[in-house]
Amino acid sequence: MKRVLLVLGLVTIFSCEKENVSQSNNQTVEDCNCDRIVDVKKFYIVGDAQSSDPSGTYYCPITTINDCNKMQKFRDFHFKNEYNIPKVGDCYDMGI
């Protein structure tokens, strides 16, 4: 009886197929603290020539989405330099 159980146990162990689990490099890991920028508009507002600071500013409406909770946010920002304006796909802290 012990031999029969031993043989059945071995057959069961060797007949099971091992599941091949592999991660694809194409999968992206969601960062719940990240508001991913999906749209950026950029408008340059010319400054007042009569003021002490005649340079203008960039007015930028920005749209983000959080990939975890799917919440979209729309905010307007002002930037002095064009290189400070975030790009589509970047993470950006939109505040509360």
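For the structure, check the block above.
Residues numbered from 1 in each chain as written. Predicted model: local features only at pLDDT ≥ 70, side-chain atom pairs only at ≥ 80, totals over all residues. Heavy atoms only, no water.

(A) Main features of the pattern of salt bridges. Taken as a whole and assessed by the stated rule, the structure comprises four salt bridges. A salt bridge links K41 to D39; its shortest N-O distance comes to 3.4 Å. Two residues, E82 and K42, come together in a salt bridge whose shortest N-O distance is 2.4 Å. Of the two residues, E82 sits in the segment after β4 (72-79) while K42 sits in the loop between β1 (35-40) and β2 (43-45), which places them 40 residues apart along the sequence. Given the relative accessible area of 44%, K42 is considered partly exposed. (Salt bridge = Lys/Arg side-chain N within 4 Å of Asp/Glu carboxyl O. Helix = DSSP H or I, 4+ residues; strand = E, 2+ residues; numbered from the N terminus. Buried < 20%, exposed > 50% of the residue type's maximum accessible area, 1.4 Å probe, protein only.)

(B) Main features of the nonpolar core. Grouped together as the largest cluster of nonpolar side chains are seven residues: I37, Y58, C60, I62, F77, F79 and I85. Secondary structure elements with two or more residues in this core: β3 (57-66) and β4. Considering every element that reaches this core, the biggest residue donor is β3, with three residues. Those residues within four positions of C60 in sequence are excluded, and the remaining contacts are K41, K42, R75, D76, F77, F79 and I85. (Core = buried A, V, L, I, M, F, W, Y, C linked by side-chain atoms within 4.5 Å. Contact = heavy atoms within 4.5 Å.)

(C) Broad picture of the pairing of β4. Both β3 and β4 contribute to a ladder of eight bridges, which runs antiparallel. Following the sheet pairing, C60 is matched in β4 by F77. Counting the residues in the hairpin turn of β3 and β4 gives five residues, including K70, whose phi is positive at 60°. (Pairing = 2+ DSSP bridges.)

(D) Structural context of the environment of V88. Position of V88 relative to the elements: it lies in the segment after β4. Among the residues examined, V88 registers a relative accessible area of 55% and is labelled exposed. For the pair V88 and D39, spaced 49 residues apart in the sequence, the C-alpha separation amounts to 6.0 Å. When residues no more than four places from it in sequence are discounted, the contact partners of V88 are I37, V38, D39 and V40.

(E) Fine view of unusual backbone geometry. One non-glycine residue with positive phi stands out, namely K70, at about 60°. Inspection of the secondary structure puts K70 in the loop between β3 and β4. Since its relative accessible area comes to 53%, K70 is described here as exposed.

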